[in-house]
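# Chain and residue survey
Each chain, letter by letter, is given below.
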Amino acid sequence: MEVSSLSKDFSQIVGESGLLSDVEASDYVYDNSVPKAVVLPSSVQDIQNVLRHVSEQNLRVIPAGAGTKLGTGNLANNTDIVIATTQLNKVVEYEPADLTVTIESGMKLADLQNELAQHKQFLPLNPPYSDKCTIGGLVATNSSGPIRLRYGTARNLVLGMKVVHASGTVVKSGGKVVKNVAGYDLNKLYIGSYGTLGIITEITLKLAPLPIKESIIAAQFHNIQDAVKTGLKVVSSQSLPTYVNLLVGCTLDLFDEKKPTVIVGFGGDPETLSWQLKTTQTLLEQNDAIGVHTVEHELVSTISNSIVEFPSVDRQPDVVIVKINIRRTDIAEFVDKIYKDTYEMMSLLGNGVLYLKIPVDSEPDFQALANILAQIRHNAAAIGGNLIIESAPSELKHHIDVWGSIGNTLNLMKKIKSKFDTKGLLNPGRFVSDI
């Protein structure tokens, strides 16, 4: 179908304002795949009508929010249209006394946090791109952030949702209270499915009270082994930190050198916070930490933001961002084995998550880089972990699978996909094993 004809068809469904111009649509161009149209439905009915037309015409669709995570995934396979939910951006129902909120999926996380802050509450998720990403996008990609140590991920915070399947059918899962009825937990099936099973239109979330005060304590160590060992002691301590992160090869304004650095975040009432900081400082100093610093006031936000945005990249990345999941007790040995001086690394010590930044040369050998990544993936798999390439130049994706093997669950995933999206129209080829 011609582009002009395609745009005309969708303009009849969503109106002229529901289509982005070529310039505006550039936010949804990834891996050199240019959609023929970017459609912005303004209601669930619009999404149903668009998907029914898509199904009739056998068009390939990439569901999206603000487009911040479209770089994650294998190369797009002949994308016809992007359906972006950014016009579905309202609060549907908010009950501060119940610590729950129901919102449309296209609402930006930053806008929701501003709304909740008026009642001294917040959604305890701090993923990268937090000023731009939508709630639906972060749920569909299961993005979280460092504070997952204390609050968990989207899987712990989503109570219910509405999803439109490729056929145009609206499905509800979960509910609006913390204790939902028994049955199959479809919420967790949609969370992290990258839009391959349906388009999320509405989400009910569990909230938390805003901490009265936040502080950070940071310390450096002579080597990675000591940093990890001590960081894990902090994780297991009674101080109950909000996050415990390890930085390797990174600069931080608090220190002059790039030694392994442990950063511990706390939030709560001032009296408890004072005890947490003193207890943690003592623990760090007893374990040969050097240059222990307590950070408060404006600098807390600066450091916290740099940690949150560590895995984010520009539109044309000159780095590869890798996410590795392993047991936290394996972190020290694993990092010692794979780390190079040209890399930057951040680990969420309490969760066994490593983010690795690998620079791309000005004249890159993508096959050689793919071989390096394959070896790191092999090392992770050997200890029961996995490696996902979260962001990379499109040329690299010709040489390596972004997701890696998923083992004996593939057949089950394919069966689920075929039930929810019978024609395979949603985000085709970009998810695990080209589902």
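Everything below is about the structure printed above this text.
In this report, we go over the structure that sits alongside the text. Just so it is clear, the model here is predicted, and its values are computed rather than measured.

## Topic: the sheet that holds strand β5 (residues 100-104)
An order of β4-β5-β9-β7-β8 is seen for the five strands of this open sheet, with the pairing classed as antiparallel. For this open sheet the edge positions go to β4 (91-95) and β8 (170-174), each flanked by a neighbour on one side alone. Between one strand axis and the next, the sheet turns by 10° as a mean value, whatever way the strands run. As paired strands, strand β7 (residues 158-164) and strand β9 (residues 199-206) are joined by six bridges and run antiparallel to one another. The residue of β9 that forms the bridge with Gly 160 is Thr 204.

## Examining helix α11 (residues 331-338)
Taken together, the buried positions of α11 are Ile 331, Ala 332, Phe 334, Val 335 and Ile 338. Along α11, the residues classed as buried sweep out an arc of 165° about the axis, all on the same side. Residues of α11 that are exposed and point more than 90 degrees away from the buried face comprise Glu 333 and Lys 337. Structurally, α11 contributes buried residues whose contacts are with α8 (224-236), β15 (319-325), β16 (344-348), β17 (353-359) and α12 (366-382).

## Some points on the sheet that holds strand β2 (residues 61-64)
Here we have three strands laid out as an open sheet, ordered β1-β3-β2, and parallel in their pairing. The strands lining the two open edges of the sheet, one partner per strand, are β1 (37-39) and β2. Recorded for the sheet is a direction-independent mean angle of 20° between the axes of neighbouring strands. Helix α2 (residues 44-57) rests against β1, β2 and β3 (81-84) of the sheet, and its axis sits at about 165° to β3.

## Re the side chain of Ser 173
Residue position: Ser 173 is located in strand β8. A polar side-chain atom of Ser 173 sits 2.6 Å from a polar atom in the side chain of Asn 187. Those residues in contact with Ser 173 that sit more than four places away from it in its chain are Leu 159, Gly 160, Met 161, Leu 186, Asn 187 and Tyr 190.

## Description of the nonpolar core
By size, the foremost hydrophobic cluster in this structure holds 56 residues, and its most contacted members are Val 320, Ile 324, Leu 373 and Leu 396. Leave out the neighbours within four places in its chain, and Leu 373 touches Val 320, Val 322, Ile 358, Leu 387, Ile 389, Leu 396 and Ile 400. Residues Met 107, Leu 123, Leu 207 and Phe 420 belong to the second largest nonpolar core, which totals 32 residues.

## Remarks on the packing of α11 against α12
Orientation of α11 relative to α12, taken along the N-to-C sense of each, is 160°, at an axis distance of 11 Å. With respect to each other, α11 and α12 are oriented roughly antiparallel. Between α11 and α12 lies a crossing of right-handed hand. Contacts between α11 and α12 involve Phe 334, Lys 337 and Ile 338 on the former and, on the latter, Ile 376, Asn 379 and Ala 380. Its residues assigned to classes, the contact of α11 with α12 comprises four nonpolar, one polar and one charged.

## Comments concerning the packing of aromatic side chains
The tally for this structure, following the rule as stated, stands at six aromatic pairs. Taking 5.9 Å as the distance between ring centres and 80° as the angle between the ring planes, the aromatic pair formed by Tyr 190 and Phe 420 counts as edge-to-face. In this pair, Tyr 190 is assigned in helix α7 (residues 186-190) and Phe 420 in helix α13 (residues 410-420), connecting sequence segments 230 residues apart. For the cation-ring pair, Lys 357 lies above Phe 310, with the distance from its terminal atom to the ring centre recorded as 4.6 Å.

## Description of the pairing of strand β12 (residues 243-248)
Burial within β12 is extensive, with six of its six residues counted as buried. Covered by surrounding structure in β12 are Tyr 243, Asn 245 and Leu 247 together with Val 244, Leu 246 and Val 248, the residues of both alternating faces. Note that β12 and strand β13 (residues 261-268) share five bridges and pair antiparallel. Following the sheet pairing, Leu 247 is matched in β13 by Thr 261.

## Here's the deal with the pattern of salt bridges
One pass over the full model with this rule turns up eight salt bridges. Note that Asp 80 is salt-bridged to Lys 36, the shortest N-O span being 3.1 Å. Here Lys 36 lies in the loop between α1 (3-14) and β1 and Asp 80 lies in the loop between β2 and β3, a separation of 44 residues in the sequence. With a relative accessible area of 9%, Asp 80 lands in the buried category. Judged by relative accessible area, which is 32%, Lys 36 ranks as partly exposed.

Cut-offs applied
- Residues numbered from 1 in each chain as written.
- Predicted model: local features only at pLDDT ≥ 70, side-chain atom pairs only at ≥ 80, totals over all residues.
- Heavy atoms only, no water.
- Pairing = 2+ DSSP bridges.
- Helix = DSSP H or I, 4+ residues; strand = E, 2+ residues; numbered from the N terminus.
- Axes fitted to C-alpha atoms, helices over the stretch in contact; angles between N-to-C directions.
- Buried < 20%, exposed > 50% of the residue type's maximum accessible area, 1.4 Å probe, protein only.
- Arc of directions from axis to C-beta.
- Contact = heavy atoms within 4.5 Å.
- Polar contact = N/O pair within 3.5 Å; in protein donor to acceptor, adjacent residues only side chain to side chain.
- Core = buried A, V, L, I, M, F, W, Y, C linked by side-chain atoms within 4.5 Å.
- Parallel < 35°, antiparallel > 145°, perpendicular 65-115°, else oblique.
- Left-handed = near helix turned anticlockwise from the far one by under 90°.
- Nonpolar A, V, L, I, M, F, W, Y, C, P; charged D, E, K, R; others polar.
- Phe/Tyr/Trp six-rings, centres within 6.5 Å; stacked < 30°, edge-to-face > 60°.
- Lys NZ or Arg CZ within 6 Å of the ring centre and 35° of its normal.
- Salt bridge = Lys/Arg side-chain N within 4 Å of Asp/Glu carboxyl O.

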